[in-house]
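Here is what each chain is made of, one letter per residue.
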Amino acid sequence: MLYVFGLLVSAKRKIYQQIKAAIQIGTLFPLQTFWMLMTIWGFLFVCLVIPGLSFLFLGSGLSFIAMYFTQLAFKRMKKYQIKEPIRIQPIEERGVLHGK
């Protein structure tokens, strides 16, 4: 569920599909998800200890941490994608624009 906000910004899908994709990303990179949780908990602890920081940086800090780890996951996913695209035979198009 930590990756939902990054997916809301980057993809145009339905909410159910985004939650499903966020869970898949979370299970695909379990150590990164754990590190993300630890970073957020650490930031919340610092904001609890120093209340002035929470007033100034709580919302922007949490969103920065979430987006940083989401973008890192997207880069890792892009790195492991198949390099050669799948070859698909084009369908013969008909209609007014194609002159048939």
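That block above? That's the structure.
Going along each chain's sequence as written, the residues are numbered from 1 onward. Local features in this predicted model are restricted to residues of pLDDT 70 or higher, and side-chain atom pairs are both shown and tallied only at a pLDDT of 80 or more, whereas totals for entire chains, interfaces and linings draw on every residue. Calculation of side-chain values draws on the structure's entire complement of heavy atoms; hydrogens and water are dropped beforehand.

### Points about the nonpolar core
Here, the term nonpolar core denotes a set of buried Ala, Val, Leu, Ile, Met, Phe, Trp, Tyr and Cys residues that are joined through side-chain atoms within 4.5 Å. The classification of residues rests on relative accessible area computed with a 1.4 Å probe and restricted to protein chains. Under 20% of the type maximum is buried, over 50% is exposed, and intermediate values are partly exposed. Of all hydrophobic cores here, the largest spans 14 residues; its most connected members are Tyr3, Leu7, Ala22, Ile25, Met36 and Ala73. Starting at the N terminus, helices and strands are each numbered in turn, a helix being any DSSP run of H or I of at least four residues and a strand any DSSP run of E of at least two. Here this core gets five residues from one element, more than from any other, and that element is helix 4 (residues 51-79). Whether two residues are in contact is decided by their heavy atoms: any pair within 4.5 Å suffices. Once residues within four sequence positions are removed from consideration, alanine 22 is found in contact with Tyr3, Val4 and Leu7.

### A short note on the environment of methionine 36
Secondary-structure assignment places methionine 36 in helix 3 (residues 30-49). In this structure, the C-alpha to C-alpha distance between methionine 36 and leucine 2, residues 34 residues apart in sequence, is 8.3 Å. Those residues within four positions of methionine 36 in sequence are excluded, and the remaining contacts are Leu2, Tyr3, Ala66 and Phe69.

### Some thoughts on the packing of aromatic side chains
Working definition: a ring pair exists when centres of Phe, Tyr or Trp rings (six-membered ring for Trp) sit within 6.5 Å. Plane angles under 30 degrees give stacked, over 60 give edge-to-face, the rest tilted. Counting across every chain of the model gives two aromatic pairs. With 6.4 Å between their ring centres and 25° between their planes, phenylalanine 64 and tyrosine 68 make a pair best called stacked. Linking phenylalanine 64 with tyrosine 68, this pair stays in helix 4, spanning four residues, or about one helical turn. Classification of tyrosine 68 as partly exposed rests on a relative accessible area of 48%.

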